[in-house]
Amino acid sequence: LGCSPPPQPSLRRFSPNFQGLPATMSMSLPPHPVGVKFWTSIWRENKDLPYSEVHTKFQNWYSVAFHRKFGRYFYAHRAGKLGITAPLVVFAVGFKVATMYYGTLRDMAAAEQSAFAYGTGGYKTNPTPK
């Protein structure tokens with residue numbers, strides 16, 4: 001078919017200076033909120049350790065950090081490892097009760113509407129006297 005590809009745009013056209021010199025930034029970026037030293041210090045402390053030791057150090061750090069931050073939301077009881085799931089269980093039970101209540105109200109309203117449609121008087125009504 002003999003079609004040639006479209007011409008590529010020249011980068012010189014989009015460059016802020018047309019002499020081909022590298023462009024300088026007109027703004028400076030703020031420093032990173034965590035910083036590079038934080039990440040390099042973690043690497044420096046752990047690069048020569050075996051995986052099991054690094055994993056143990058991380059698990060200990062994560063456990064302390066997690067409980068310091070979220071410990072107030074957990075029940076103070078002696079349930080062992082199950083104790084950490086207490087908020088999830090409370091949420092699940094509350095969600096179950098709320099959805100059952102909604103379903104009951106919905107089904108009662110549907111029963112009343114269908115009874116009205118068929119002319120039977122609705123839910124918990126006295127029969128029509130003859």
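Residues numbered from 1 in each chain as written. Predicted model: local features only at pLDDT ≥ 70, side-chain atom pairs only at ≥ 80, totals over all residues. Heavy atoms only, no water.

K.L.:
Which residues make up the overall build of the protein, and what values do they have?
P.N.:
Across its full length, the protein carries 4 helices and 0 strands. Per-residue burial over the protein gives 6% buried out of 130 residues. When the accessible surface of the protein is split by element, carbon and sulfur atoms take 65% of a total near 12800 Å². (Helix = DSSP H or I, 4+ residues; strand = E, 2+ residues; numbered from the N terminus. Buried < 20%, exposed > 50% of the residue type's maximum accessible area, 1.4 Å probe, protein only. Areas by Shrake-Rupley, 256 points an atom, 1.4 Å probe, with all protein chains shown as cover.)

K.L.:
Describe the packing of aromatic side chains, and please don't skip the residues or the numbers.
P.N.:
Under the counting rule described, the total for this entry stands at 6 aromatic pairs. When the ring of Phe38 is compared with that of Trp39, the centres are 4.9 Å apart and the planes differ by 75 degrees; the resulting orientation is edge-to-face. Owing to a relative accessible area of 40%, Phe38 belongs among the partly exposed residues under this scheme. Centroid distance Phe58 to Trp61: 5.7 Å. Interplanar angle 40 degrees. Geometry classified as tilted. With a gap of 3 residues between them, Phe58 and Trp61 both fall in helix α3 (residues 51-70), about one helical turn apart. Classification of Phe58 as partly exposed rests on a relative accessible area of 44%. (Phe/Tyr/Trp six-rings, centres within 6.5 Å; stacked < 30°, edge-to-face > 60°.)

K.L.:
Report on the side chain of Asn46, specifying residues and quantitative values.
P.N.:
Assignment of secondary structure puts Asn46 in helix α2 (residues 36-46). Among all residues touching Asn46, those that are not within four sequence positions of it are Val54 and Lys57. (Contact = heavy atoms within 4.5 Å.)

K.L.:
Describe a nonpolar patch on the surface, naming the residues involved and giving the relevant values.
P.N.:
Taken together, the side chains of Val34, Phe38, Trp39 and Ile42 define a hydrophobic patch exposed on the protein surface, amounting to about 380 Å² of accessible area. On the secondary structure map, Ile42 appears in helix α2. (Patch = residues over 30% accessible without salt bridge, like charges linked within 9 Å, V, L, I, M, F, W, Y side chains within 5 Å. Salt bridge = Lys/Arg side-chain N within 4 Å of Asp/Glu carboxyl O.)

K.L.:
Help me get a handle on helix α4 (residues 86-118), residues and values and all.
P.N.:
Between its first and last C-alpha atoms α4 spans 48 Å; for 33 residues at 1.5 Å apiece the expected length is 48 Å, and the two agree. By the burial criterion, the buried members of α4 are Ala86, Gly103 and Ala115. Of the residues trailing α4, Gly119 is marked for its positive phi of about 75 degrees. (Expected span 1.5 Å × (residues − 1).)

K.L.:
Describe the pattern of salt bridges, and please don't skip the residues or the numbers.
P.N.:
Side-chain pairing between opposite charges can occur once the charged atoms of the two side chains come close. Evaluation of the coordinates by the stated rule reveals 1 salt bridge. A salt bridge links Arg106 to Asp107; the shortest N-O distance between them is 3.3 Å. By relative accessible area, which is 47% here, Arg106 ends up partly exposed. Its relative accessible area of 44% is what places Asp107 among the partly exposed residues.

K.L.:
Tell me about the environment of Thr104, and please be specific about residues and values.
P.N.:
Along the chain, Thr104 falls in helix α4. On the basis of relative accessibility, which here comes to 43%, the residue Thr104 falls in the partly exposed class. Reaching out from Thr104, the side chain makes a polar contact with the backbone oxygen of Met100 at a distance of 2.9 Å. (Polar contact = N/O pair within 3.5 Å; in protein donor to acceptor, adjacent residues only side chain to side chain.)

K.L.:
I'd like a description of the confidence of the model for the protein, backed by residues and values.
P.N.:
Summary statistics for the protein give a mean pLDDT of 77 and a share of 64% for residues scoring 70 or more. When mean pLDDT is compared element by element in the protein, α3 scores highest at 91, while helix α1 (residues 11-14) scores lowest at 52. (pLDDT = per-residue confidence, 0-100.)

K.L.:
I'd like a rundown of the environment of Lys57, residues and numbers included.
P.N.:
Checked against the element boundaries, Lys57 lands in helix α3. The exposure class of Lys57 is partly exposed, given its relative accessible area of 37%. Setting aside chain neighbours within four positions, we find Lys57 in contact with Glu45, Asn46 and Leu49.

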